[in-house]
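# Examination of the molecular architecture
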Amino acid sequence: MADYYSQCVVSPKLPLADLTAAEQLILRNIFDSEVDGDELYLFAEIGRNTMIDLELPDMLAALAATGVASAATRLLSKAVAELPEGEAAAEIELDDEWIEILQEIVRRSNAHTFVTIETGFNCSKMRSDGFGGAAIVITADTVDTMSTSQFIDETLAARLGTTNRSSPPEGGISAP
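Every value quoted in this text rests on a predicted model; they were computed, and no experiment measured them. By convention here, each chain's residues receive numbers from 1 onward along its written sequence. With the structure being a predicted model, the display of local features is reserved for residues of pLDDT at least 70 and the display and counting of side-chain atom pairs for 80 or more, all residues being used for whole-chain, interface and lining totals. Only hydrogens and water are set aside; all other atoms, that is, all heavy atoms of the structure, feed into the side-chain values.

### Some remarks on the layout of surface pockets
Under the convention used in this document: Points on a 1 Å grid, built from protein atoms alone, make a cavity when a 1.4 Å probe fits but cannot get out and make a pocket when they are open with protein on both sides within 12 Å along at least 5 of 7 lines; residues with an atom within 4 Å of a point are the lining residues. Grid points are joined across faces, edges and corners, and a volume is the space filled by probe spheres set on the points. Secondary structure elements follow DSSP: runs of H or I of four or more residues count as helices, runs of E of two or more count as strands, with numbering from the N terminus. When residues are grouped by polarity, Ala, Val, Leu, Ile, Met, Phe, Trp, Tyr, Cys and Pro land in nonpolar, Asp, Glu, Lys and Arg in charged, and all others, Gly among them, in polar.
Each pocket or cavity is described by its volume, and for the largest pocket that value is around 220 Å³. Considering the residues around the largest pocket, the lining is formed by Arg74, Leu75, Lys78, Ala79, Glu82, Leu83, Ala89, Ala90, Glu91, Ile92, Glu93 and Glu97. Element by element, the count of residues in the lining of the largest pocket is highest for strand β6 (residues 89-93), at 5 residues. Here the residues of the lining of the largest pocket sort into 6 nonpolar, no polar and 6 charged. Quantified by volume, the second largest pocket comes out at close to 190 Å³. Of all elements in the fold, only β1 (4-11), β7 (114-123) and β8 (132-139) reach the threshold of two or more residues within the lining of the second largest pocket. Of the residues assigned to the lining of the second largest pocket, the class counts are 7 nonpolar, 4 polar and 1 charged.

Laid out in C-alpha cells, this is it:
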C-alpha cells in the first residue's frame, strides 16, 4: 500500500499580533505549527487537515476574544450553531476556507503584503501519480495558484505546441 503526502510550508511566518483568536484556533488545527518568538510558523509534515475537531469551549472562547466578523468567526459560529445538543465538540470539514482566512490576515497586516504556500506531493512508492507540487501566492486582492503539472503543460505548449506528455512532437525535442 502506498502512502501519499502533501508536505507544505506557509511563509513568511505570521505575526501573532496579526491573527485573531478564531484564526489561530482554526489555522493551528489545519496545519502543524510552531511559535517562534512573536510569530507563528505554519507547515504540514504529512498534509493539511481537511477535517478538524474543535471543542465547544475553545470555539466559544475564540469567538468571544475575536471582535471582528471574518471567515474564521463565520466558520466557528456555524459549527457552534449546528452542534447537536449535548455534544461538546464539532467536526468541521474544510474546503478552501483557510485560504480566505490567510487572505484576510494579509489584508489587515502591517507587516506582510503576501503569504505563500509551497506544497510538495510525494508518495512512499514510486507511482507516477504520487509526485508533484503546487504553489499558492495570496495577496490582499488576489489568490494565484500553479501546480507543477500546470507548469509542465504550459511550458510544453509554449515551447513545443503540445501538452501531450506521452510522446515528443514529430522531429523530436531539440535542446537549446
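### Brief notes about the environment of Gly67
The condition that has to hold: Note on classification: 1.4 Å probe, protein chains only; a residue is buried when its accessible area is under 20% of the maximum for its type, exposed when over 50%, partly exposed between these limits.
Tracing the backbone through its elements, the reader meets Gly67 in the loop between α2 (56-65) and α3 (71-81). On the basis of relative accessible area, Gly67 is assigned to the exposed category, the value being 86%.

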